[in-house]
Amino acid sequence: LSTLQMAGQSKIFLEFLSRGVFEVDQVDYDFTDVIVAVVAAALLFAIVATSLSRFRSHNKAPLPAQIKIYRRVLRESNLKPQSCNKGPGRAIQAGQLLDFLSHFQTFVRDRSMYYIVSNILEPLTAPEKLSFAELAGPGMLDWFVSHYWGHAFCDFCSSIQKHAQVAPGPEGWHHQ
């Protein structure tokens, strides 16, 4: 703002303070009208902010709650999770991996396996003292996939999904 504009605004403000009347475009606003408008705007903002906050929190349970929910989902698909030997019989299907990502997408975003393991997988599997494959329902290995934990987990899942769409394999291997 130029000095002239600032001086004009200061004059209007001082005039407003001294007379309690604010003139804008030939309309007089009483001090009470201005206060009522400001309070109404603040209340409206508070209502909208509270509504958005409740909507977001209702649709996005905190991570521990989502872990508990997902543990129940896994229990429904694998009624008796149990320990099994490490090796080709302890694998997960592409669909199980993609279901995991879908459930935790809000928290995963572009994070790496380092985040996934310490914040989701360990709390998810700790109560049963089982691996994720054992908890989800292990299957026989069709493809062995190795990956760097520092890359974004969602990119890894995208690669697995693309492979599942084009690679030959047992019927339904990418959906189980």
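In this report, the structure presented in the accompanying data block is examined.

Cut-offs used in this document
- Residues numbered from 1 in each chain as written.
- Predicted model: local features only at pLDDT ≥ 70, side-chain atom pairs only at ≥ 80, totals over all residues.
- Heavy atoms only, no water.
- Helix = DSSP H or I, 4+ residues; strand = E, 2+ residues; numbered from the N terminus.
- Buried < 20%, exposed > 50% of the residue type's maximum accessible area, 1.4 Å probe, protein only.
- Areas by Shrake-Rupley, 256 points an atom, 1.4 Å probe, with all protein chains shown as cover.
- Core = buried A, V, L, I, M, F, W, Y, C linked by side-chain atoms within 4.5 Å.
- Contact = heavy atoms within 4.5 Å.

**Considering the overall build of the protein chain**
Logical step 1: When helices and strands are counted, the protein chain shows seven helices and two strands.
Logical step 2: Sequence-ordered secondary structure for the protein chain, helices as α and strands as β, is α-β-β-α-α-α-α-α-α.
Logical step 3: In the protein chain, buried positions account for 28% of the 176 residues.
Logical step 4: For the protein chain, the accessible surface area stands at approximately 12,500 Å², while carbon and sulfur atoms represent 60% of it.

**Concerning the environment of P62**
Logical step 1: Relative to the helices and strands, P62 resides in the loop between helix 2 (31-59) and helix 3 (63-77).
Logical step 2: By relative accessible area, which is 53% here, P62 ends up exposed.

**Notes on the nonpolar core**
Logical step 1: With 27 residues, the main nonpolar core has F100, F104, I116, L124 and F153 as its most contacted residues.
Logical step 2: Only helix 3, helix 4 (94-108), helix 5 (113-125), helix 6 (132-136) and helix 7 (153-166) provide two or more residues apiece to this core.
Logical step 3: Apart from the residues within four sequence positions on either side, F153 is in contact with L97, F100, L101, V108, R111, S112, M113 and I116.

Any link to function would need more than the numbers given here.
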